[in-house]
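Understanding the architecture of this molecule
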Amino acid sequence: MKLIVGLGNPGKLYAKTRHNAGFMVLDKLREELKKEYNISDWELSKKFNAEVCGGTINNNKILLVKPMTFMNDSGQAVQLIAHFYKLTPTDLIVVHDDKDIKLGEIKIQTDRSSAGHNGVQSIIDHIGTQNFARVRVGVAPENPKKMSDTAKFVLNRFGLFERKKAEEVISRAAQETLKLIYKF
C-alpha cells in the first residue's frame with residue numbers, strides 16, 4: 001500500500017490558500033485517477049482525523065489522505081494511518097507547499113529535513129524519520145518582499161496574476177505524484 005498525504009488546513013477559510021497546495025494537489029490527483037481507476041469519494045474518517053479516499057492501481061492499494069488536524073499537527077493522522085496499515089516510511093509520499101521554491105516549480109526529494117515546514121516537521125516527529133518521499137510545490141512570489149510575514153503570506157490566497165501559474169503547478173505536481181505511485 002502507498003500512503004499519499006497532502007498537507008493543508010481544514011475549513012473554508014483556508015481552502016484556496018498557498019498553505020493548502022497539498023490538499024489542492026490531492027484533489028487534482030483524485031480527479032485524474034477517477035478517470036481510469038475506481039477511486040472512492042473523499043470521506044471523513046474520525047478514526048484517523050482525516051479525509052481519505054483510495055483504490056487500487058495495478059494491483060497495488062493507494063490511500064489519499066488530507067489530515068483534518070491543522071498543519072502543525074499533520075503527523076498525528078499520518079502516524080495513526082501508518083500504524084494501522086503497518087506501513088513503513090518508504091510507503092509514504094507527502095505533498096506540500098514550499099515557500100522557498102518559486103511559484104510554478106516543483107521539487108521531489110527523499111530523506112530531507114523539514115527545512116522549517118511545520119507540517120513536515122510534525123510528520124518527522126510522529127513517525128521518527130525523515131526518510132519518505134516529498135513533492136514540494138513552490139508558492140514563493142517573484143518579489144521576495146511580498147513574503148516579509150511568512151505566516152500571513154502562506155495563509156493568503158494566490159493573487160489574481162498568480163492563479164494561472166498556481167493551477168498549472170498543481171496539475172504538474174499531481175502528475176509527478178502519480179509517477180511516484182506508479183513506481184511501486
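The structure reproduced in this document is the subject of the present report. (Residues numbered from 1 in each chain as written. Predicted model: local features only at pLDDT ≥ 70, side-chain atom pairs only at ≥ 80, totals over all residues. Heavy atoms only, no water.)

1. Remarks on the pattern of salt bridges
Counted according to the given criterion, the structure contains twelve salt bridges. We note a salt bridge from Glu-32 to Lys-35, for which the minimum N-O separation is 3.3 Å. In this pair, Glu-32 and Lys-35 both sit in helix α1 (residues 21-36), three residues apart, roughly one turn of the helix. The class for Glu-32 is partly exposed, based on a relative accessible area of 23%. One salt bridge connects Lys-66 with Glu-51, and the closest N-O pair in it is separated by 3.4 Å. Linking Lys-66 in strand β4 (residues 60-67) with Glu-51 in strand β3 (residues 50-57), this pair joins segments that are 15 residues apart in sequence. Several salt bridges converge on common partners, so that one network encompasses Asp-27, Glu-51 and Lys-66. (Salt bridge = Lys/Arg side-chain N within 4 Å of Asp/Glu carboxyl O. Helix = DSSP H or I, 4+ residues; strand = E, 2+ residues; numbered from the N terminus. Buried < 20%, exposed > 50% of the residue type's maximum accessible area, 1.4 Å probe, protein only.)

2. Quick notes on the nonpolar core
If you look at the biggest cluster of nonpolar residues, it comprises 33 residues, and the most contacted ones within it are Ile-4 and Leu-33. When residues in this core are grouped by element, the largest group, eight residues, is from helix α5 (residues 163-182). Grouped together as the second largest cluster of nonpolar side chains are 20 residues, Leu-87, Val-94, Val-120 and Ile-124 included. (Core = buried A, V, L, I, M, F, W, Y, C linked by side-chain atoms within 4.5 Å.)

3. Structural notes on unusual backbone geometry
Even without a glycine there, the phi angle at Asn-49 is positive, about 55 degrees. Structurally, the position occupied by Asn-49 is in the loop between β2 (43-45) and β3. Even without glycine at this site, Lys-86 takes up a positive phi of about 55 degrees. Locating Lys-86 in the fold gives a position in the loop between α2 (74-84) and β5 (92-102).

4. Remarks on the sheet that holds β5
Taken together, seven strands build an open sheet; the order of strands is β2-β3-β4-β1-β5-β7-β6 and the sheet is mixed. A single partner strand is all that each edge strand has here, and the edge strands are β2 and β6 (106-110). Neighbour to neighbour, the strand axes of the sheet diverge by 30 degrees on average, direction disregarded. Against the sheet, α1 contacts β1 (2-6), β3, β4, β5 and β7 (133-140), and its axis sits at roughly 145 degrees relative to β4. (Pairing = 2+ DSSP bridges. Axes fitted to C-alpha atoms, helices over the stretch in contact; angles between N-to-C directions. Contact = heavy atoms within 4.5 Å.)

5. Examining a nonpolar patch on the surface
A contiguous nonpolar surface patch, about 250 Å² in accessible area, is contributed by Met-1, Phe-84 and Tyr-85. Positionally, Tyr-85 belongs in the loop between α2 and β5. (Patch = residues over 30% accessible without salt bridge, like charges linked within 9 Å, V, L, I, M, F, W, Y side chains within 5 Å. Areas by Shrake-Rupley, 256 points an atom, 1.4 Å probe, with all protein chains shown as cover.)

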